[in-house]
Structures are given as structure tokens and as C-alpha cells.
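Take a look at the letters that make up each chain.
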Amino acid sequence: MVIKNEITEVMEMKIGLIGLGIMGKPMAKNIIKGGYSDLMVNDLNKASVEELVELGAIAGTNAEIGSSCDLVMTMLPNSPHVKAVMLGENGVANYMKAGQVFIDMSSINPVASKEIAAELEKKGVEMLDAPVSGGEPKAIDGTLSIMVGGKQNVFDKYKPLLETMGASVVRCGEIGAGNTTKLANQIIVACNIQALAEALTLAQKAGVDPQLVFEAIRGGLAGSTVMNAKAPMMIAGNDKPGFKIDLHIKDLNNALDCAHTVGALVPMTAGVQEIFQYLHHSGHGQDDHSAIAKYYENLTGIRIGRPSLVPNP
């Protein structure tokens with residue numbers, strides 16, 4: 001249990017966050033809203049940095065973050081980016097010292113999380129891997145699901161901070177457990193989105209309004225957060241990315257790598273990944289992953305919720 005003086009200590013510490021993309025920027029805003037006012041940020045997109053500075057954050061280099069912040073956080077695309085930022089020639093870890101803490105909120109291979117943690121341990125720096133789920137909407141309203149790996153006492157201390165960004169913050173085990181849990185999450189999400197697109201395409205092909213199908217089944221066993229978020233996007237033809245196909249490809253690559261390493265069988269994951277790869281090579285990699293509906297559109301001519309591209313016999 002976190003006692004009151006520990007919470008005060010965490011709130012008064014200096015936090016550094018590297019990575020202000022679709023997810024990282026709203027997460028940084030929620031850290032500030034949560035009362036953690038001493039925040040230093042860095043990103044290649046300087047407009048995003050300036051936006052946070054206007055809210056009270058301080059702009060800093062990776063070196064400044066490593067040398068001056070009690071807690072360093074990252075929200076980056078994939079394992080190579082986190083490794084480069086933390087362990088590269090001019091990496092943040094070069095400027096860190098014993099007693100500092102690193103929380104990586106990126107979604108990366110759990111093997112990489114363990115490798116980074118092992119290097120930081122040599123410097124006396126503790127680490128949590130804490131990937132998130134929920135996409136941009138939940139990042140904005142601070143209701144992400146956060147899956148954490150690391151020591152129990154470190155998790156307990158920083159859980160209140162994580163709760164400024166997430167409605168669910170669960171420790172899943174030691175280092176790497178957070179990202180392993182995220183891989184499981186991404187498999188379930190990907191397979192749900194594919195099934196949803198396939199089902200709504202079937203409904204429209206059979207002459208039934210997909211909007212009414214969605215309304216009829218959303219409260220039953222088939223209903224899910226995925227359906228509630230993605231069915232309206234498919235029906236409206238809205239591909240604005242809350243989570244990009246290319247990022248889901250990255251996550252499923254990590255899932256397949258992990259599965260091959262531990263000997264797990266994941267045929268559904270492999271099948272969805274092939275569809276995502278098709279969409280990537282068809283120019284849809286930067287679309288929302290709900291654009292998996294375009295795969296069925298290309299096969300059938302059915303545009304969910306809109307006139308078909310070909311006559312529907």
C-alpha cells in the first residue's frame with residue numbers, strides 16, 4: 001500500500017517524458033492535469049513540445065532529462081526506438097544514476113524490455129514496462145488500460161502517477177510481463193476487428209443494414225469495447241487513426257516473435273497479420289486499424305454502411 005508521504009514524494013519529483021505522438025501527447029497532458037507539475041518533455045515534433053510547454057511543461061533534451069529527472073518515461077513506436085533513446089551512444093541511460101527510475105510505456109517486445117532492464121540494473125536504475133491499451137480516445141480522457149511489469153514496491157510507488165493516465169492499472173508480473181500482456185491484448189483486438197468487419201460485410205451483402213445489426217448485437221455476448229469503438233467507424237467509412245494499421249503490424253510482429261520463442265501456436269494472429277500486411281502494401285498503413293474493412297471491400301465490393309462499389313446480387 002502507498003502511504004501518504006510516498007504519494008507526496010512522487011508528486012513533487014521531476015518527471016521526464018520522451019515521445020509526444022498520438023498517445024504520448026495526451027498522456028503528458030493528463031500527467032499535468034493530475035497535479036504533477038514538474039514535467040520535462042522531448043520529441044522530434046517540436047510543435048508537440050511547444051504545446052506541452054504552453055501547459056506548463058519544460059522542454060529538455062534527452063541528456064537533460066536523464067541527468068535531472070527523478071523519473072524518466074518513454075512512449076515510443078517500437079523496441080529499436082526505446083533501445084536507441086535509452087541505451088544508444090548518447091542514450092538517456094548514460095546520464096542516469098542510481099536511484100532514478102525508468103518507466104517505458106511503449107508497446108515493445110518483452111525480450112527487449114528485459115534487456116533494457118538488465119542494463120539499467122547495472123547502474124542501479126529500476127524499471128517498469130507499462131504499455132497501454134485504449135487508443136487515442138482513451139489516452140485523451142485518461143481512461144487507458146495500463147499493463148505493468150516490474151517489482152511490486154516500484155509499481156506501488158508509481159501507481160498513482162499511472163492512474164492519471166489510466167482507469168485500469170494492473171501489475172502483471174516481473175519485467176516483461178506488461179508487454180507480454182499487451183501482446184495478448186493486441187491479438188484479441190486484431191481478431192475482434194477482423195471478425196467485426198467480416199460480420200458487417202456479410203450482413204450488408206445479405207441485405208441487412210449493418211447499423212441495425214450493430215445496435216441489435218452490441219448488448220449481447222458479441223458486444224465488446226472493440227465493437228463499440230470500431231463499428232461506427234466502419235459504417236461511416238472513417239479511417240482517421242486512433243491506432244494505425246502499421247502500429248498494429250508492429251505489435252503482431254512482436255507477438256509472433258514471442259510466440260515462436262516460447263513455442264505458442266497463434267494461427268489466428270498470423271492470419272490477421274497477413275491481412276494487415278496486404279493493407280499496408282495497398283497504401284492503408286497509416287489508416288486506423290478498423291480499415292481492415294477495406295480488405296473485405298476489395299474482395300466483395302461491399303462498403304459497410306454505404307453504397308457498394310459493385311452491384312450486390
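Residues numbered from 1 in each chain as written. Predicted model: local features only at pLDDT ≥ 70, side-chain atom pairs only at ≥ 80, totals over all residues. Heavy atoms only, no water.

K.L.:
Mind showing me how you'd approach the overall build of the protein here?
P.N.:
In terms of helices and strands, the protein carries 14 helices and nine strands. Compactness check: the protein gives a C-alpha radius of gyration of 21 Å against a globular reference of 20 Å for 313 residues, within 12% of the reference. When its C-alpha atoms are laid out on the principal axes, the protein stretches across 70 × 45 × 35 Å. With 313 residues in all, the protein has 48% of them scored as buried. Long-range pairs, those at least 24 residues apart, make up 67% of the contacts in the protein with a sequence separation of at least 6. (Helix = DSSP H or I, 4+ residues; strand = E, 2+ residues; numbered from the N terminus. Rg over C-alpha atoms; globule rule 2.2 N^0.38 Å. Buried < 20%, exposed > 50% of the residue type's maximum accessible area, 1.4 Å probe, protein only. Contact = heavy atoms within 4.5 Å.)

K.L.:
How do you make sense of helix H6 (residues 110-121) when you look at a structure like this?
P.N.:
Residues three or four positions apart in an α-helix share a direction because the helix packs 3.6 residues into each turn. Between its terminal C-alpha atoms H6 stretches 16 Å, which fits the 16 Å expected from 12 residues at 1.5 Å a residue. Listed as buried for H6 are Pro 110, Ala 112, Ser 113, Ile 116, Ala 117 and Leu 120. Looking down the long axis of H6, one finds its buried residues gathered within 150° of arc, a one-sided arrangement. Packed against the buried residues of H6 are helix H5 (79-87), strand E5 (101-104), strand E6 (126-129), helix H9 (177-205) and helix H12 (245-262). A side-chain oxygen of the first residue of H6 lies 2.9 Å from the backbone nitrogen of Val 111; this N-cap is Asn 109. (Expected span 1.5 Å × (residues − 1). Arc of directions from axis to C-beta. Polar contact = N/O pair within 3.5 Å; in protein donor to acceptor, adjacent residues only side chain to side chain.)

K.L.:
I tried to follow the packing of H9 against H12 on my own but got confused; where do I start?
P.N.:
Pairs of packed helices are described in terms of their axes, by the angle between the two and the distance that separates them. Relative to each other, H9 and H12 sit at 120°, their axes nearing to 9 Å. When the interaxial angle is binned, H9 and H12 end up oblique. The interaxial crossing formed by H9 with H12 has left-handed handedness. Residues Lys 182, Leu 183, Gln 186, Ile 187, Val 189 and Ala 190 of H9 form the contact with H12, whose own contacting residues are His 248, Asp 251, Leu 252, Asn 254, Ala 255 and Cys 258. Across the contact of H9 with H12, the residue classes tally to seven nonpolar, three polar and two charged. (Axes fitted to C-alpha atoms, helices over the stretch in contact; angles between N-to-C directions. Parallel < 35°, antiparallel > 145°, perpendicular 65-115°, else oblique. Left-handed = near helix turned anticlockwise from the far one by under 90°. Nonpolar A, V, L, I, M, F, W, Y, C, P; charged D, E, K, R; others polar.)

K.L.:
Could you clarify how one ought to interpret the nonpolar core in this entry?
P.N.:
For soluble globular proteins, nonpolar side chains are generally found buried alongside one another. Core analysis: the largest hydrophobic core is formed by 35 residues, its most contacted members being Ile 15, Met 27, Leu 71, Met 73, Ile 103, Met 105 and Ile 146. Per-element accounting of this core gives the leading share, five residues, to helix H8 (residues 152-162). In this structure, Met 73 is in contact with Ile 15, Gly 16, Leu 17, Ile 18, Ile 31, Phe 102, Ile 103, Met 105, Leu 161 and Met 165, ignoring residues within four places of it in sequence. The next biggest cluster of nonpolar side chains, apart from the first, holds 27 residues, and it includes Val 189, Cys 191, Tyr 296 and Ile 304. (Core = buried A, V, L, I, M, F, W, Y, C linked by side-chain atoms within 4.5 Å.)

K.L.:
What is the right way to read the packing of aromatic side chains from this model?
P.N.:
For any pair of aromatic rings, the description consists of the separation of the ring centres together with the inter-plane angle of the planes. Inspection of the entire model under this criterion finds two aromatic pairs. Relative to Tyr 295, the ring of Tyr 278 has its centre 5.5 Å away and its plane inclined at 80°; by these criteria the two rings are edge-to-face. In this pair, Tyr 278 is assigned in helix H13 (residues 267-284) and Tyr 295 in helix H14 (residues 293-300), connecting sequence segments 17 residues apart. Residue classification places Tyr 278 among the partly exposed positions, given a relative accessible area of 35%. (Phe/Tyr/Trp six-rings, centres within 6.5 Å; stacked < 30°, edge-to-face > 60°.)

K.L.:
Sorry if this is basic, but what is going on with the pairing of E5 here?
P.N.:
The side chains of a regular strand alternate between the sheet's two faces. Because side chains alternate across E5, one face comprises the buried residues Val 101 and Ile 103, and the other comprises Phe 102 and Asp 104, equally buried. Pairing analysis gives four bridges linking strand E4 (residues 71-74) to E5, with the strands arranged parallel. Bridging across to E5, Val 72 finds its partner in Phe 102. As a crossover connection, the stretch from E4 through H5 into E5 is right-handed. Taken together, the four bridges between E5 and E6 define a ladder with parallel strand orientation. The residue bridging Asp 104 from the neighbouring strand is Asp 129, located in E6. (Pairing = 2+ DSSP bridges. Right-handed = clockwise from strand over helix to strand, strands pointing away.)

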